[in-house]
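The lines below spell out each chain.
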Amino acid sequence: MLKQVETSRAIAETVALCRPEVICAYPITPQTHIVEALAEMVGAGQLQHCEFINVESEFAALSVAIGASAAGARAYTATASQGLLFMAEAVYNAAGLGLPIVMTIGNRAIGAPINIWNDHSDSMSMRDAGWIQLYAETPQESADLHILAFRVAEELSCPVMVCVDGFVLTHSYEPVDLVTQGDVDAYLPAFEPRQVLDPADPVSIGAMVGPEAFLEVRYLAHHKQLRALECIPELSQEFRERFGHASGGLLRTYRTEGAETIVVALGSVNGTIQEVVDDLRREGSAIGSVSVCCYRPFPLAALRAAIGEAKRVIVVEKSLAPGIGGILSTDVRTALSHTSIPLFTAIAGLGGRAITKASLRGLFKGAEAGVLDALTFLDLHTELIQRHLERESKRRRSGPPAENLLADIRLLAAQIG
Amino acid sequence: MPAPLIKFYQTGTFTIGNRLLDEEALSVQADELRPNVLTSGHRACQGCGEALGARYALDAAMRAAGDQIIVANATGCLEVFSTPYPESSWRVAWMHSLFGNAAAVATGIAAAMKVKGRPNVRVIAQGGDGGTTDIGLGCLSGMFERNDDVLYICYDNEAYMNTGVQRSSATPPAARTATTPAVGSQPGNSFGHGKSIPLIAMAHRIPYAATASVADLRDLEYKINKAMRIHGARYVHVHVPCPLGWGADPRDTVRVARLAIETGLFPLFEAEFGNITDKTSIRHLKPVEEYLRLQKRFAHLFHSGADQQWIIAIQEIANRNIREFGLLAEVSHA
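Criteria and thresholds
Residue numbers restart at each chain and count upward from 1, following the sequence in its written direction. Think of it this way: whatever chain is written first is A, whatever ligand is written first is 1, and the rest follow in order. At least 70 in pLDDT is required for a residue's local features to be given in this predicted model, at least 80 for side-chain atom pairs to be given and counted, and no such filter applies to totals for whole chains, interfaces and linings, which use all residues. In computing side-chain values, all of the structure's heavy atoms are included and hydrogens and water are not. In this description a helix means any DSSP run of H or I spanning at least four residues, a strand means any run of E spanning at least two, and both kinds are numbered starting from the N terminus. We compute the radius of gyration over the C-alpha atoms and compare it with the globule rule, which gives 2.2 Å times the number of residues raised to the power 0.38. Per-residue accessibility, obtained with a 1.4 Å probe over protein chains only, is compared with the maximum for each type, and a residue is labelled buried under 20%, exposed over 50%, and partly exposed between these values. The method behind every accessible area is Shrake-Rupley, applied with a 1.4 Å probe, and residues are considered shielded solely by the protein chains displayed. This count recognises Lys and Arg as positive and Asp and Glu as negative, with His and chain-terminal groups excluded. To locate a charge, the coordinates of NZ of Lys, CZ of Arg, CG of Asp or CD of Glu are taken. A pair of strands is considered paired only if DSSP assigns at least 2 bridges between the two. What counts as an axis is a line fitted to C-alpha atoms, over the stretch in contact for a helix, and the angles between N-to-C directions run from 0 to 180 degrees. In what follows, a contact means two residues having at least one pair of non-hydrogen atoms within 4.5 Å.

Colleague: Describe the overall build of chain B, and please don't skip the residues or the numbers.
Modeller: When you go through chain B residue by residue, the secondary structure sums to eleven helices and eight strands. For 334 residues, the compact-globule estimate of 2.2 N^0.38 gives 20 Å, and the C-alpha radius of gyration of chain B, at 19 Å, lies within 12% of that figure. Its C-alpha atoms give chain B principal-axis dimensions of roughly 65 × 45 × 40 Å. Counting only residues that meet the buried cut, chain B has 57% of its 334 residues in that class. Looking at chain B as shown, the accessible area adds up to about 13800 Å², and 52% of this sits on carbon and sulfur atoms. The distance from the centre of the 32 positive side-chain charges to the centre of the 32 negative ones in chain B is 1 Å.

Colleague: Lay out the sheet that holds strand β9 (residues 204-205) of chain A with the relevant residues and their values.
Modeller: Strands sit in the order β9(A)-β2(B)-β1(B)-β3(B)-β4(B)-β6(B)-β5(B)-β7(B)-β8(B) across an open sheet of nine strands; the sheet is mixed. Both edges of this open sheet fall to β9 of chain A together with β8 (275-279) of chain B, since each of them pairs with a single strand only. As defined by bridge partners, strand β4 (residues 150-156) of chain B adjoins strand β6 (residues 234-239) of chain B across six bridges and the pair is classed as parallel. When the sheet's bridge partners are listed, Tyr 155 of chain B is paired in β6 of chain B with Val 238 of chain B.

Colleague: Can you break down the sheet that holds strand β7 (residues 160-165) of chain A residue by residue, with the values?
Modeller: All names here are of chain A. Spatial ordering of the open sheet is given by β3-β2-β4-β5-β7-β6-β13, a layout of seven strands whose pairing is mixed. Strands at the two margins of the open sheet, each flanked by one partner only, are β3 (51-54) and β13 (294-296). Neighbour-to-neighbour, the strand axes of the sheet open up by a mean angle of 20 degrees, direction not taken into account. As paired elements, strand β6 (residues 132-135) and β7 share four bridges and run parallel to each other. Across the sheet, the residue bridging to Gln 133 is Met 161, located in β7. Seen against the sheet, helix α9 (residues 214-243) touches β6 and β13 and runs at an angle of roughly 40 degrees to β6.

This is how it looks when you write it as structure tokens:
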């Protein structure tokens, strides 16, 4: 049934259909609407057999989920940005223990400077934690991926992050096809843990492991991710058959047949990219795009196949590894090893900076014309950078950069005005 | 009501004549069929107060809960010496997650038991003083404030022993640790106001908070048993000497712990909903010097030429405890 609904609400209603037994909540923008809606559903009795716990920090939120999951309960929480960093230790721990927790990330920038808007810095910081990471492209997929996430998590005993672009997706209102309880129950069986804290059959979970077996434990974490590469397409196919529409999968190609230029990106920006691809196709460019849904494990083979015989690849990514450049690009480059296909990285949309069709168009045309640098910062305000660097070269105590840049913006705006 | 209703002390000793007591008044440890939750073969040092305290406490909890308990353990000595892969000394459903989150993990386990309709399964969180008074305090306070159905037991050995004896916020003034060396004008740990987690627990007005010591088995068992009969957030703070970290003879663990009580440095008391309901009076008051002299961490206070003001200041702390908790008053329930 199609319903015009805020994506956060759609996520909450979908999570509720997954019959979570313990939900831990700590507020942080932009995921807060999700747990607010769940609190309401639990309070109103719409979501039963569920403990909703307001905790004192994100570290506690995930720790409560860890305890609940180890005791055999289906556990869910949501966070973003600083919150994800604050729980970082528990993020690694949940994966190391193999607990199938599902957590929504309302993707948001990391400070300083503090910024509540969307980019992928937060989930990227946890890419090596051992969690499966799925990136939603649309409001519909933002909701759907949670059903897939619980199924994959419990199948593999591995936690899953569903990454949803903050504001762009979390706060948008679009028609979403909300699925039925019956279909979810048929798709997602009751949680049968591989390990559980039970007084009747006591086990020790979380023992210390030294050099004699640590490598093997870590290898098994890698092995689990490789299994996810097989399991996610299968379960996504089953999802499509059950619910009648497609969501998830490892990646999706868009007009890549015969494409000489292929754009690779994560999340909601793919919508804009596809519109630009359409425009350029109309003008005769051989261009297509790939939306990577499953970022961890990284689908090397599927991406290599999708890129095929393309002449160039452009990665548009909402994260930055200072000192090297792109993060997603590094993985794409691994997929391109043994080929001579050049790769271009565009850092775009950091801290909520709008990624416009016009800018993307210029970027893609630049690549086609052979004038694009290997690393580009899309729409970088070079005059601001110049002014700041000059200030630093002139004065030792040049002051806090963020404040200076904002002052410069006002100054430049006044000059234009 | 305090721990033992009847005490049959042998003259001049603290030995309680078990054989004279009714069966139900026997200590859990006196039972050859005791649960032995922390069983032999673990890697704790000789004379480890924490191993002793953990076995006492959890055996009592097991007995009180009809063996239906799940334990969440903070990182620390107790976790490390009990579960070197692939061995485990725990004969109980046990989990270790992180250093600072034992209380929150326990909250999650308790929530799972509630939602699954298993109210008979009781949840215990435990950690050392570092995992409780320092890095775990946020999660602990959250658990208290929500009044989650968890008993948190802190085994306080007054420093970070697992990492090699560094100062924690439970380290007493003047104690030498690896990060509070006995050098300079104020030797050893500084004199602050301390940080009493039992008092902090009481400020949350949780149903039950108590202090206990490995020197008083019956009192400890009584308090754990009492805590297990209550639902909601409960806290028991157990004083557990560390022979290695304190520089005490392993055979003196119980003796040192008893002196901490008898000097007034470690008051034994119980509180319900934020109000102290009982305390253990000191039978034979001892000067703090007797306690300090047994421990090398205080040896610098007794060197020739050492400034006497430090021992006087520690005595002041004991005196304040005696005053504030009324430790010299007659036992009211006798």
